[in-house]
Amino acid sequence: MRPIYVTPAIVLRTRPFGESDKIVSFLTEDFGKVTGIAKGAMRSRKRFVNSLESFALVNLRFQDRPQNDLAFILTAELLVGYRQLSTSLERMSHAAYLVEITDGLISEREENLAVYRHLRDSLRYLEEHGTSLRFLTSFELKLLRLVGYQPVLDNCKRCRKDCNEVSCQWYFSLIDGGILCDTCAGSRRETLPLGTRAVEVLTALQAEADALPVSLSLPFSVIKEMRAVTQRFVQFHMDREIKSAAFLHQFSSAYSGAN
Ligand SMILES: [Zn+2]
């Protein structure tokens, strides 16, 4: 008999399959991303009591199926439902974004306990403390590091120039995965402007500096530059549109410069 695996897991996404089944992707603690078929999930609520909702933390039992990429989902017992997240459109939009970009940056069955913990702890934080620009951007930077795409922010990725001039203009190169000075950026495609202040704040967030205030009071121009860089860089590595990004912009006070 094929073994049954049991692991804590976060629901990443679900879609209906046929009349009564669902295909569900989970980020598990022990096996990385697991996608499987939950037979009868559309009709029978017994084995999946409220447990296949977005962001839910569950105790998952599954089996692999021979010659099939989809696992067989036996049961998913709800551990934490994150009910607060669905009470505000802003929180929900942020949670959907965190889950979608995590899903987009990891591959099936690639074990990464740190990524699992990062998403689990971040959803809990979001539920307890609400949204903030600092939190959102820190989440992206840490996720990028954990999956091996940490951007270089302390000096020019090509010539290593370290710029201390206040007025220095940087560019973030998606292809190079780091900032470029004025000279090096000249001939590169896919670059985004990034002023000195935005570079400083991103560097501090990446270093998880405790000295930074929880609420960042920054000019909207700086916020816009920072958000454009981290989001576009994540999208570059996902190699597809981030569907929840429009939702996030619509409901996020971060984009009004409020936090
Ligand atoms: Zn340079």
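In case you missed it, the structure is sitting above this.
The model shown is predicted, which means the values in this text are computed figures rather than measured ones.

## Here's the deal with the packing of helix α5 (residues 196–206) against helix α6 (residues 220–238)
Next, step 1: Where α5 meets α6, the closest approach of the two axes is 9 Å, and the angle between their N-to-C directions is 55°. When the axes of α5 and α6 are compared, the pair comes out oblique. Seen from above, α5 lies across α6 with right-handed handedness. Of the residues in α6, those in contact with Arg-197, Ala-198, Val-201, Leu-202 and Leu-205 of α5 are Val-222, Glu-225, Met-226, Val-229 and Thr-230.

## Considerations on a nonpolar patch on the surface
Next, step 1: On the surface, Met-1, Ile-4 and Val-6 cluster together into a nonpolar patch covering about 360 Å² of accessible area.
Next, step 2: Considering the arrangement of structural elements, one finds Ile-4 in the segment before β1 (5–17).
Next, step 3: By relative accessible area, Ile-4 is classed as partly exposed at 36%.

## Focus on the packing of aromatic side chains
Next, step 1: Under the criterion given, the structure shown has 5 aromatic pairs.
Next, step 2: Ring geometry for Phe-172 against Phe-233: centres 5.1 Å apart, planes inclined by 75°, an arrangement best described as edge-to-face. Within this pair, whereas Phe-172 is found in strand β6 (residues 169–173), its partner Phe-233 is found in helix α6, the two being separated by 61 residues in sequence.
Next, step 3: Residue class for Phe-172 comes out buried when judged on its relative accessible area of 1%.
Next, step 4: Put simply, the rings of Tyr-5, Phe-31 and Phe-62 pair up and form one aromatic cluster.

Definitions and limits used
- Residues numbered from 1 in each chain as written.
- Predicted model: local features only at pLDDT ≥ 70, side-chain atom pairs only at ≥ 80, totals over all residues.
- Heavy atoms only, no water.
- Axes fitted to C-alpha atoms, helices over the stretch in contact; angles between N-to-C directions.
- Helix = DSSP H or I, 4+ residues; strand = E, 2+ residues; numbered from the N terminus.
- Parallel < 35°, antiparallel > 145°, perpendicular 65-115°, else oblique.
- Left-handed = near helix turned anticlockwise from the far one by under 90°.
- Contact = heavy atoms within 4.5 Å.
- Patch = residues over 30% accessible without salt bridge, like charges linked within 9 Å, V, L, I, M, F, W, Y side chains within 5 Å.
- Areas by Shrake-Rupley, 256 points an atom, 1.4 Å probe, with all protein chains shown as cover.
- Salt bridge = Lys/Arg side-chain N within 4 Å of Asp/Glu carboxyl O.
- Buried < 20%, exposed > 50% of the residue type's maximum accessible area, 1.4 Å probe, protein only.
- Phe/Tyr/Trp six-rings, centres within 6.5 Å; stacked < 30°, edge-to-face > 60°.

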